[in-house]
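# Analysis of the macromolecular model
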Amino acid sequence: SLLNTEFSFDTVLGILKPMLEDAACPKLLHDAKQTSAMLYEHGIKLKGVLFDTALAEYVINPSEAETSLQKLAENYGLAGSAAAIAGLYKMQEEKLKEDGLWYVYNNIEMPLTRVLLDMERTGFRIDLDELKSYDDKLSAQISSLTEEIYELCGCGEFNINSTKQLGLVLFEKLGLPSGRKSKTGYSTDIAVLEGLIDKHPVIEKLIEYRRLTKLKSTYLDGLRKIADENGFVHTTFVQISTVTGRISSKEPNLQNIPVRTQEGREIRRLFLPSAPGRKLVSADYSQIELRILAAISGDEVMKDAFLSGVDIHTRTASEVFGVPLEEVTPEMRRSAKAVNFGIVYGISDFGLARNLGIPVKMAANYIKRYFARFPGVRRYMDEIIEQAKTQGYVTTMLGRRRYLPELRSSNYNIRSFGERAALNTPIQGTAADIIKLAMIDVWEKLRDGGYKSRLILQVHDELVIDAAEDEVTAVSALLKECIENAYVDVPFEAQVAVGDNWLDAK
């Protein structure tokens, strides 16, 4: 009789609930994180996930990971959803082990899923009253900028947000030099505006206008819309997205708040502990990618700089400019910092010149001196590109792979992108792996230690804990220990801060 009975979705879930919440009953799923989130909304805490075929495919080939189950089944020569998952399980498990990816899947990605789910459910509280106040302030600034733009253009009101109208004003009314005009009109993107910065005083105002309106629409308006009745925002951490292994977030994207601007810092100030009597404890890795570069390249000079505790940018400036450490000027250090981070991303002499505002010949000389003083880095860069061309992929220090078909392209620009990806992925991907290990360790120690404090956020190299006030000292020490010892082959340092809001805990 059950076969002839129509059940509602909730009724079916009610019947399945004991099985779904039974950790002893193993489940094979495609995208367990999304399934867990859906079931949680229906009052079910999913337990006993044995294997996740979506997560496994992400580890096997991150460039092709966002594939539907149906497409994945076709790729593996399977049919039927349930049968496909069962078939994928065995085939993917074998592939993961064969390619040396089992550790990344089993020890990083699988345990991370429950950490991310808990962070999403906990959420991050914002001050709705202060949000409204800051929104009003930003709106007044935007309104004032709008009037200034109209006055500088001298043509009355127009829609500043309209590419077509703005293009006509800039390139026909004001007669500014433009790029090629397409069928849809003139381009007014940020690159075009920055190229006109010295051509007319309105350009600087337009760039500022764009920056403020984007902040307002993306964060102030966006946060207000998605905050719950208690002021909590629950970002979604996307585990299956980036080719390097980095976690991203959406609705809202908390990883793109521009912390170097005053407005961005003011947005961070809006984020608070979950209740009175609690604090935010934040920690981030100090120069994680450069430390990984030192380890992965084996460059003795760079390794010595970190082991001796000397500021790496000061040490680089000393090496590149040939002066003693104590004679390094702030300008020398700034240039060395740009070189250090540029090298990680395969920067060209032209790119470095643009970043520093110096002649290309001078930038090329900086890079030449850098490689002369850090020969291990030069050797690593040459070898990793050749290795990537030979085997078709690169790996992180923990074994995560990224395939690089771009290296076989006949197009120079695409091939150059592949070479930059070959340089950077082992470094950025290793950083992503290590941060994930630290997150798992922090979360498990807070849980197993019976703490009232909760891990609530990860932004690039930073972790944030919502801490009970009487646990702040212990939690700070725990966070620092977990971050610095997440991967013993690289000597890390963590900076811990405590505050009443996210800005102060930085």
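Just above, that's the structure.
Structural notes, computed from the coordinates. (Residues numbered from 1 in each chain as written. Predicted model: local features only at pLDDT ≥ 70, side-chain atom pairs only at ≥ 80, totals over all residues. Heavy atoms only, no water.)

## Some remarks on the sheet that holds strand β12 (residues 462–468)
Two strands in a sheet stick together by hydrogen bonds in their backbones, pointing the same way (parallel) or opposite ways (antiparallel). Note the cut-off: Note on pairing: DSSP must find at least two bridges between two strands before they are called paired. Numbering of helices and strands runs from the N terminus; a helix is a DSSP stretch of H or I covering at least four residues, while a strand is a stretch of E covering at least two. To get an axis, a line is fitted to the C-alpha atoms, and for a helix only the part in contact is used. The angle between two axes follows their N-to-C directions and goes from 0 to 180 degrees. Whether two residues are in contact is decided by their heavy atoms, any of which lying within 4.5 Å being enough.
Strand order across the open sheet formed by four strands is β11-β12-β8-β13, with antiparallel pairing between neighbours. Bordering the open sheet on either side are β11 (454–459) and β13 (494–499), each of which pairs with just one other strand. Taking the axes of each pair of neighbouring strands and ignoring which way they run, one obtains an average angle of 20° across the sheet. Relative to β13, strand β8 (residues 278–285) runs antiparallel, the two being bridged by six bridges. Within β13, the residue paired with D284 across the bridge is Q495. With respect to the sheet, helix α20 (residues 472–484) is in contact with β8, β12 and β13, its orientation differing from that of β8 by roughly 20°.

## As for the environment of E204
Convention followed: The classification of residues rests on relative accessible area computed with a 1.4 Å probe and restricted to protein chains. Under 20% of the type maximum is buried, over 50% is exposed, and intermediate values are partly exposed.
Within the element layout of this structure, E204 appears in helix α10 (residues 201–226). For E204, a relative accessible area of 55% corresponds to the exposed category. Sequence-wise, E204 and K436 are 232 residues apart; in three dimensions their C-alpha atoms are separated by 40 Å.

## Here's the deal with the packing of helix α2 (residues 32–41) against helix α6 (residues 102–122)
Counted only if it meets this: Angles are sorted into four bins: roughly parallel if under 35 degrees, roughly antiparallel if over 145, roughly perpendicular if 65 to 115, and oblique for all others. Should the near helix be turned anticlockwise from the far one by less than a right angle, the crossing is left-handed, and should it be turned clockwise, the crossing is right-handed.
Axis separation between α2 and α6 bottoms out at 10 Å; the angle between their running directions is 40°. Considered as vectors, α2 and α6 are oriented oblique to each other. Considering the relative orientation of α2 and α6, their crossing is right-handed. On the side of α2, the interface is formed by K33, S36, A37 and Y40, while α6 contributes T113, L116, L117, E120 and R121.

## Details of the sheet that holds strand β4 (residues 232–233)
Within the open sheet, the three strands sit side by side as β4-β3-β7. Their pairing is antiparallel. The sheet terminates laterally at β4 and β7 (271–272), the two strands that pair on one side only. In this structure, strand β3 (residues 124–126) lies alongside β4, joined through two bridges in antiparallel fashion. Residue pairing in the sheet places R125 in a bridge with F232 of β4.

## A look at helix α5 (residues 81–98)
Note the threshold: Expected span of a helix, by definition, is 1.5 Å for each gap between consecutive residues, and there is one gap fewer than residues.
Between its first and last C-alpha, α5 extends 25 Å over 18 residues, near the 26 Å set by a 1.5 Å rise per residue. Among all positions of α5, only A84, I85, L88, Y89, Q92, E93 and L96 are buried.

## A look at the packing of aromatic side chains
The test is simple: Each aromatic pair joins two rings of Phe, Tyr and Trp (for Trp, the six-membered one) with centres within 6.5 Å, and gets the label stacked for planes under 30 degrees apart, edge-to-face for over 60, and tilted for any other angle. The criterion is that NZ of a Lys, or CZ of an Arg, lies within 6 Å of the ring centre and within 35 degrees of the ring normal, and then a charge sits over that ring.
This structure, assessed with the given rule, holds 13 aromatic pairs. Taken together, a centroid distance of 5.0 Å and an interplanar angle of 40° make the contact between F51 and Y105 tilted. With F51 in strand β2 (residues 49–52) and Y105 in helix α6, this residue pair connects regions lying 54 residues apart in the sequence. You'll find F51 and Y105 in the same group, each marked buried. On the basis of an interplanar angle of 80° and a centroid distance of 5.1 Å, the ring pair of F321 and Y366 is categorised as edge-to-face. A residue pair is termed long-range when its members are at least 10 positions apart, and F321 in helix α14 (residues 312–321) and Y366 in helix α17 (residues 360–373) qualify at 45 residues. Judged by relative accessible area, which is 10%, Y366 ranks as buried. Joined through ring pairs, the aromatic side chains of F51, Y89, W102 and Y105 make up one cluster. Seen from the ring of W502, R268 lies directly overhead, with NZ or CZ sitting 3.9 Å from the centre. Between the NZ or CZ atom of R401 and the centre of the ring of Y393, over which it lies, the distance is 3.9 Å.

## Focus: the packing of helix α12 (residues 288–297) against helix α15 (residues 330–344)
Counted only if it meets this: Gly is put with the polar residues, along with every residue not named as nonpolar or charged; the nonpolar set is Ala, Val, Leu, Ile, Met, Phe, Trp, Tyr, Cys and Pro, and the charged set is Asp, Glu, Lys and Arg.
In contact at an axis separation of 10 Å, α12 and α15 are set at 65° when each is read in the N-to-C sense. If you check the angle between α12 and α15, you find them roughly perpendicular. Considering only the axes of α12 and α15, their crossing is left-handed. In this structure, α12 contributes E289, L290 and L293 to the contact, and α15 contributes N340, F341 and V344. Its residues placed into classes, the contact of α12 with α15 shows four nonpolar, one polar and one charged.

## A look at empty space enclosed by the protein
What counts, and what does not: Of the grid points, spaced at 1 Å and generated over the protein atoms alone, those admitting a 1.4 Å probe that cannot get out make up cavities, while open sets with protein on both sides within 12 Å along at least five of seven lines make up pockets; any residue with an atom within 4 Å of a point is treated as lining. Grid points are joined across faces, edges and corners, and a volume is the space filled by probe spheres set on the points.
Applying the stated criterion across every chain, the model contains two cavities of 30 Å³ or more. Surrounding the largest cavity, G245, R246, I247, E289, Q428, A431, A432, I435, K436, Q458, H460 and D461 form its lining. Among the elements that make up the lining of the largest cavity, the one with the highest residue count is helix α19 (residues 412–448) (five residues). Each residue belonging to the lining of the largest cavity can be placed in one class, and the counts come to four nonpolar, four polar and four charged. If you add up the space inside the second largest cavity, you get close to 30 Å³. Taken together, M119, G123, F124, V233, H234, T235, F237, L254, I456 and L457 make up the lining of the second largest cavity. Considered class by class, the residues forming the lining of the second largest cavity number seven nonpolar, three polar and no charged.

## Section: a nonpolar patch on the surface
As a reminder of what qualifies: Candidate patch residues must exceed 30% relative accessible area and have no salt bridge, after which like charges are joined if within 9 Å and Val, Leu, Ile, Met, Phe, Trp or Tyr side chains if within 5 Å. Note that accessible areas follow from Shrake-Rupley with a 1.4 Å probe, and for residues the cover is restricted to the protein chains shown. Note on definitions: salt bridges are taken to be side-chain nitrogens of Lys or Arg within 4 Å of carboxyl oxygens of Asp or Glu.
Together, V12, I15, L16 and M19 line one region of the surface with nonpolar side chains, adding up to about 310 Å² of accessible area. Residue class for L16 comes out partly exposed when judged on its relative accessible area of 33%.

## Focus: the pairing of β2
Both strand β1 (residues 27–29) and β2 contribute to a ladder of three bridges, which runs parallel. Of the residues in β2, the one forming a bridge with L29 is D52.

## Some details on the nonpolar core
Going by this rule: Among the buried residues, those of types Ala, Val, Leu, Ile, Met, Phe, Trp, Tyr and Cys that are joined through side-chain atoms within 4.5 Å form a nonpolar core.
If you look at the biggest cluster of nonpolar residues, it comprises 115 residues, and the most contacted ones within it are F271, Y370, M439 and L455. It is α19 that provides the largest number of residues to this core, a total of 14 residues. Those residues in contact with L455, other than ones at most four positions away along the chain, are V115, M119, M439, V442, W443, L446, L463, V464 and I465.

## Some thoughts on the side chain of R278
What counts, and what does not: Polar contact is the term for a pair of N or O atoms within 3.5 Å; when the atoms are in protein, one must be able to donate a hydrogen and the other to accept it, and sequence-neighboring residues count only if both atoms are side-chain atoms.
Note that R278 resides in strand β8. Engagement of the side chain of R278 in a polar contact is seen with the side chain of S274, the distance being 3.2 Å. Among the polar contacts listed, one links the side chain of R278 to the side chain of D466, at a separation of 2.5 Å. Residues contacting R278, with those up to four places away along its chain left out, are P273, K452, S453, R454, D466, A467, A468 and E469.

## Digging into the layout of surface pockets
A volume near 1,000 Å³ is recorded for the largest pocket. Residue lining of the largest pocket: 27 residues in total, with V259, R260, H460, D461 and K506 positioned closest to the centre. Put simply, the parts of the chain that give the lining of the largest pocket at least two residues each are β8, α12 and α15. At three residues, α15 tops the list of elements feeding residues into the lining of the largest pocket. Along the lines of polarity and charge, the residues of the lining of the largest pocket split into ten nonpolar, seven polar and ten charged. Along its surface, the second largest pocket is lined by 20 residues, and S36, L46, K47, R114 and L117 are the ones closest to its centre.

Distances and angles like these do not, on their own, reveal function.
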